[in-house]
Amino acid sequence: MKIVIVGGVAAGMSAAAKIKRTNPDAEVVVYEKGGFLSYGACGLPYFVSGVNDDWRKLIARTREEFEKSGIRTFLRHEVVKVVPDRKQIMVKDLEQGSLFLDAYDKLMIAVGASPIVPDVPGIRLPGVHLLKSMEDGLDLKEAAASPAVREVVIIGGGAIGLEAAEAMVHLGKRVRVVELADRLLPPYDPEITEPVSAELHRHGVSLHLAEQLTEIAGAGRVERVRTDRGEYPADLVILATGVRPATGFLAGSGIRMAPNGAIYIDREMRTNIPDVYAAGDCAVVYHRVMEEDTYIPLGTTANKMGRLAGGNMLGRRDKFVGTLGSAAIKVFDLELGRTGLSEADAKKLAIDYGTAVVEAMDHPAYYPNPTPIRFKLIYDKETKTLLGAQGVGAKGVVLRINLFAVAIHNRMSARELGMVDLCYAPPFSGVWDAVHIACNAVK
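The structure contained in this document is the topic of the report that follows. (Residues numbered from 1 in each chain as written. Predicted model: local features only at pLDDT ≥ 70, side-chain atom pairs only at ≥ 80, totals over all residues. Heavy atoms only, no water.)

Notes on the pairing of strand 1 (residues 2-6)
In step 1: When you tally the buried positions in strand 1, you get five out of five residues, the bulk of the element.
In step 2: Here strand 1 shows a buried face lined by K2, V4 and V6 and a second buried face lined by I3 and I5.
In step 3: Traced from strand 1 through helix 1 (residues 10-22) to strand 2 (residues 27-32), the parallel crossover comes out right-handed.
In step 4: The pairing of strand 1 with strand 7 (residues 106-109) spans four bridges and is parallel. Pairing of I3 across the sheet is with K106, part of strand 7. (Buried < 20%, exposed > 50% of the residue type's maximum accessible area, 1.4 Å probe, protein only. Helix = DSSP H or I, 4+ residues; strand = E, 2+ residues; numbered from the N terminus. Right-handed = clockwise from strand over helix to strand, strands pointing away. Pairing = 2+ DSSP bridges.)

Pasting the structure below:
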């Protein structure tokens, strides 16, 4: 059996490795448009900042290791067309510029997502950067190292934008963040993101909320950024305005896709076309609480989906249990985490829900350096079943959000989690942990 995988980062290489572990005799071929395999893109901001000074640490498994296990990999090879009726793909060798056909018995599409690039004048000027791929990270690190780069403007106040802002401050740059929405980090609720603006200001980051980018200007390279409300100097611009599934090459293939281009799959990673699978940021994913498909591009989910797809292409029928959209971010000295539904999600689903916003200390006042944690819980008003949780604080937030994720995954009520026997010692928590206190506020 010949299995062709399109995309060699998270989902694609998880599938390839699973296939070879399960059936060493299977022929596995991977085509990757970029120049790197199996790397942790979420670590790129920390490589750019110099917190991690070696890009090779971002590689989860080297190309040589994959090849040694019998997986044939082709870098800088872009699949430009899929013809399911013939079980063929058309591939472009980006180094040579040549085209060729390859055949498959089973096909997996794991091309991920592409950055959204605003259609404004000057968007292609030298000095405008993305931060999505390894190549982006290498280019940005080199550019930011120039002493001529003093003013940095970041377009987008989501997770990548704020991580890039922290990286640039770490490098000694003056940083502005321009965000179209009226607040930062839209997936989080306002009660949780409220401290973030103050934290950014404390570190010298200028915020420009409810502003729309209209132009990037300069004589030969970036010199300034214009919005609908002002003009700002810029030696370097980072675009962090979101992503969309990189599935344009599938037009005319018959593969069913959502309006945003995400591939529809079932819980076994199968598309509507026989022997064609998909996983990762190019596909929808089943949400365990919503009980429906949604689009949540996350590396954690992509790896799980890829592993399932690898086994299922060999004949298994394993179903994905569902995502909760669990995510976390560090913003200077704050950490934020979320899992399950936001309040906006609950409203869209017309759930009869309640909320509880609680502040508690991460450990008792009699042990040095206690810090507050703010939690927001979303729960079913009748049963008190936990539906979502978010938190913000200086420390101890994200691992506690993981507790909420386990509870939501298992459909526990606030009352149940509020009585779970958690560890206690003064350096770590009170006898009633912040998780207990938040759950016991649910009435």
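What about the pattern of salt bridges?
In step 1: With the rule as written, the count across this model stands at 29 salt bridges.
In step 2: The residue R202 makes a salt bridge to E199 at a minimum N-O spacing of 3.0 Å. Linking R202 with E199, this pair stays in helix 6 (residues 190-202), spanning three residues, or about one helical turn.
In step 3: By relative accessible area, R202 is classed as exposed at 53%.
In step 4: E199 sits in the buried class, given a relative accessible area of 8%.
In step 5: E268 is the partner of R270 in a salt bridge, and the nearest nitrogen-oxygen pair spans 2.9 Å.
In step 6: Take R270: its relative accessible area is 25%, and that puts it in the partly exposed class.
In step 7: Exposure remark for E268: the relative accessible area of 3% places this residue in the buried category.
In step 8: Where salt bridges share partners, they join E215, E223, R224, R226 and E231 into one cluster. (Salt bridge = Lys/Arg side-chain N within 4 Å of Asp/Glu carboxyl O.)

Details of empty space enclosed by the protein
To find leftover empty space, a probe the size of one water molecule is rolled over the atoms.
In step 1: Under the counting rule described, the total for this entry stands at one cavity of 30 Å³ or more.
In step 2: The calculated volume of the largest cavity comes to roughly 40 Å³.
In step 3: Taken together, I265, D266, R267, M269, V284, V285, Y286, D293, M305 and F320 make up the lining of the largest cavity.
In step 4: Per-class residue counts for the lining of the largest cavity are seven nonpolar, no polar and three charged. (1 Å grid on protein atoms, 1.4 Å probe; cavity = no way out; pocket = protein on both sides within 12 Å on 5 of 7 lines; lining within 4 Å. Points joined across faces, edges and corners; volume = space filled by probe spheres on them. Nonpolar A, V, L, I, M, F, W, Y, C, P; charged D, E, K, R; others polar.)

Things to note about the sheet that holds strand 24 (residues 372-380)
In step 1: In spatial order, the strands read 21-22-25-24-23; together these five strands make up an open sheet with antiparallel pairing. Each having just a single partner strand, strand 21 (327-331) and strand 23 (353-361) make up the two edges of the open sheet. Pairwise comparison of adjacent strand axes, ignoring direction, gives a mean angle of 10 degrees for this sheet.
In step 2: By the bridge criterion, nine bridges tie strand 23 to strand 24 in an arrangement that is antiparallel. Each residue of the ladder has a partner; that of M361, found in strand 24, is P372.
In step 3: Packed on one face of the sheet, helix 9 (residues 398-409) meets strand 21, strand 22 (334-340), strand 24 and strand 25 (386-393) and runs near 180 degrees to strand 25. (Axes fitted to C-alpha atoms, helices over the stretch in contact; angles between N-to-C directions. Contact = heavy atoms within 4.5 Å.)

Observations concerning helix 4 (residues 134-144)
Residues three or four positions apart in an α-helix share a direction because the helix packs 3.6 residues into each turn.
In step 1: All of the buried residues along helix 4 are M134, D136, G137, L140 and A144. Taken end-on, helix 4 shows its buried residues confined to a sector of 155 degrees, consistent with a single buried face.
In step 2: Where helix 4 is buried, its residues contact helix 2 (44-49), strand 9 (128-129), helix 5 (159-170) and strand 16 (236-239). (Arc of directions from axis to C-beta.)

Let's talk about the packing of aromatic side chains
In step 1: In total, this model carries four aromatic pairs according to the counting rule given.
In step 2: Ring geometry for F36 against W55: centres 5.4 Å apart, planes inclined by 75 degrees, an arrangement best described as edge-to-face. Of this pair, F36 sits in the loop between strand 2 and helix 2 while W55 sits in the loop between helix 2 and helix 3 (63-68), and the two are 19 residues apart along the sequence.
In step 3: We classify F36 as buried; its relative accessible area is 17%.
In step 4: Overall, the relative accessible area of 30% leaves W55 in the partly exposed class.
In step 5: Here a set of aromatic residues connected by ring pairs shows up, and it is made of Y31, F74 and F100.
In step 6: Across from the ring centre of Y264, 4.1 Å away, lies the NZ or CZ of R256, which sits over that ring. (Phe/Tyr/Trp six-rings, centres within 6.5 Å; stacked < 30°, edge-to-face > 60°. Lys NZ or Arg CZ within 6 Å of the ring centre and 35° of its normal.)

Here's the deal with the packing of helix 1 against helix 7 (residues 299-313)
For any two helices packed against each other, one specifies the crossing angle of their axes together with the interaxial distance.
In step 1: Packing of helix 1 against helix 7 leaves a shortest axis separation of 7 Å and a crossing angle of 35 degrees. Seen along the crossing, helix 1 lies across helix 7 with a hand that is right-handed. Touching A10, A11, S14, A15, K18, I19 and R21 of helix 1 are A302, N303, G306, R307, G310, G311 and M313, all from helix 7.
In step 2: When grouped by side-chain class, the residues that make up the contact of helix 1 with helix 7 number six nonpolar, five polar and three charged. (Left-handed = near helix turned anticlockwise from the far one by under 90°.)

Distances and angles like these do not, on their own, reveal function.
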